[in-house]
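# Secondary and tertiary structure notes
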Number of protein chains: 2
Amino acid sequence: MNIGLAAEQSNLPPKTIRYYEDIDLIRPARSENGYRDYSETDVHRLKFLQRSRSLGFTIDECRLLLSLYEDEHRASADVKAIALAKIDEIDRKLAELQSLRATLANLAGNCHGNDKPNCPIIDDLAGET
Amino acid sequence: MNIGLAAEQSNLPPKTIRYYEDIDLIRPARSENGYRDYSETDVHRLKFLQRSRSLGFTIDECRLLLSLYEDEHRASADVKAIALAKIDEIDRKLAELQSLRATLANLAGNCHGNDKPNCPIIDDLAGET
DNA sequence: TCTTGACCTTCCAGCTACTGGAAGTCTTAT
DNA sequence: ATAAGACTTCCAGTAGCTGGAAGGTCAAGA
């Protein structure tokens, strides 16, 4: 099938699919007219990539997951380790965002938000206690 | 003062400070030998940028905040609006990360994590129910 | 048959916010 | 005199696409 249909079925933009080919994540056949020709297997890979990316895995992690996906002798422990590492990463990001949020909420809570220039948010950014 | 000292005082790497000049966030004077020459005011701006960036504001938001910082006739409502918008953005990111985390934790929780190939994480990524 | 429009191709540039490195200049200390 | 260290500019690379230009291909309608 052509890239348009593959895009529709995998829920990925054609541009992204071409990019994935550029970075060797997928290697579709070519029709005689030079068009890319995706097999069902190719579409499975694309869907796998779409889902993996949407769960926050990086391209390199996707590459690894894809190789495990296609390895019949994989150990599920290897897959689980990747997922747990990603959860750790997410937890770190959550903590950071929560801390930022608390700081901003505190600053905004102390700001009158009127037409006067006096502003504790600006004061904080300027390093004034 | 030279860029090294300005870097030390603002807690920003020299490379970053030069980049900020490139994108017109700061315009230091030049000494006769061609070296950048930062005033106390420049350092205040740099510190302001460092703090703003560390709170998650984008460069463009910093540009805006900086203009408010230097505007004696600013309305604190304008500053507060930026902070509240950023909090909203953080909340959206938090929700997304929490959702990702829940999905991954659920998948990992169902995976035996042994040396067998059977793996519900891979199954999910592959779109298999 | 011709044309129009949709789809495909490649290639290049740009996005965010820096960061690394090369090649060369200047200052400072010994 | 020289060597270390700090400074300069410029170019390239990071992640993961996305937009656009210039052109080739294909199917349908007048």
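Residues numbered from 1 in each chain as written. Chains lettered and ligands numbered in written order. Predicted model: local features only at pLDDT ≥ 70, side-chain atom pairs only at ≥ 80, totals over all residues.

### Describing the protein's contact with DNA strand C
Around DNA strand C, the structure places 16 residues, and the nearest of them are Gly-4 and Arg-36 of chain A together with Asn-33, Thr-58 and Ile-59 of chain B. Within the residue set of the surface near DNA strand C, elements represented by two or more residues are helix 1 (3–10) and helix 2 (14–22) of chain A together with helix 2 (14–22) of chain B. By residue number, the principal contributor to the surface near DNA strand C is helix 2 of chain B, which donates three residues. Here the surface near DNA strand C is composed, by residue class, of six nonpolar, six polar and four charged. (Near = placed C-beta within 6 Å. Helix = DSSP H or I, 4+ residues; strand = E, 2+ residues; numbered from the N terminus. Nonpolar A, V, L, I, M, F, W, Y, C, P; charged D, E, K, R; others polar.)

### Overview of the protein's contact with DNA strand D
For DNA strand D, the set of nearby residues contains 16 residues, the closest of which are Asn-33, Thr-58 and Ile-59 of chain A together with Asn-2 and Gly-4 of chain B. Of all the elements in the fold, those that place two or more residues in the surface near DNA strand D are helix 2 of chain A together with helix 1 (3–10) and helix 2 of chain B. It is helix 2 of chain A that provides the largest number of residues to the surface near DNA strand D, a total of three residues. Class assignment of the residues belonging to the surface near DNA strand D gives a composition of six nonpolar, six polar and four charged.

### With respect to the interface of chain B and chain A
With 48 residues of chain B at the contact, the number on the chain A side is 48 residues. Those elements giving two or more residues to the side of chain B that touches chain A turn out to be helix 3 (40–54), helix 4 (59–69), helix 5 (76–109) and helix 6 (120–125) of chain B. Tallied by class, residues from the side of chain B that touches chain A come to 26 nonpolar, 12 polar and 10 charged. (Contact = placed C-beta atoms within 7 Å.)

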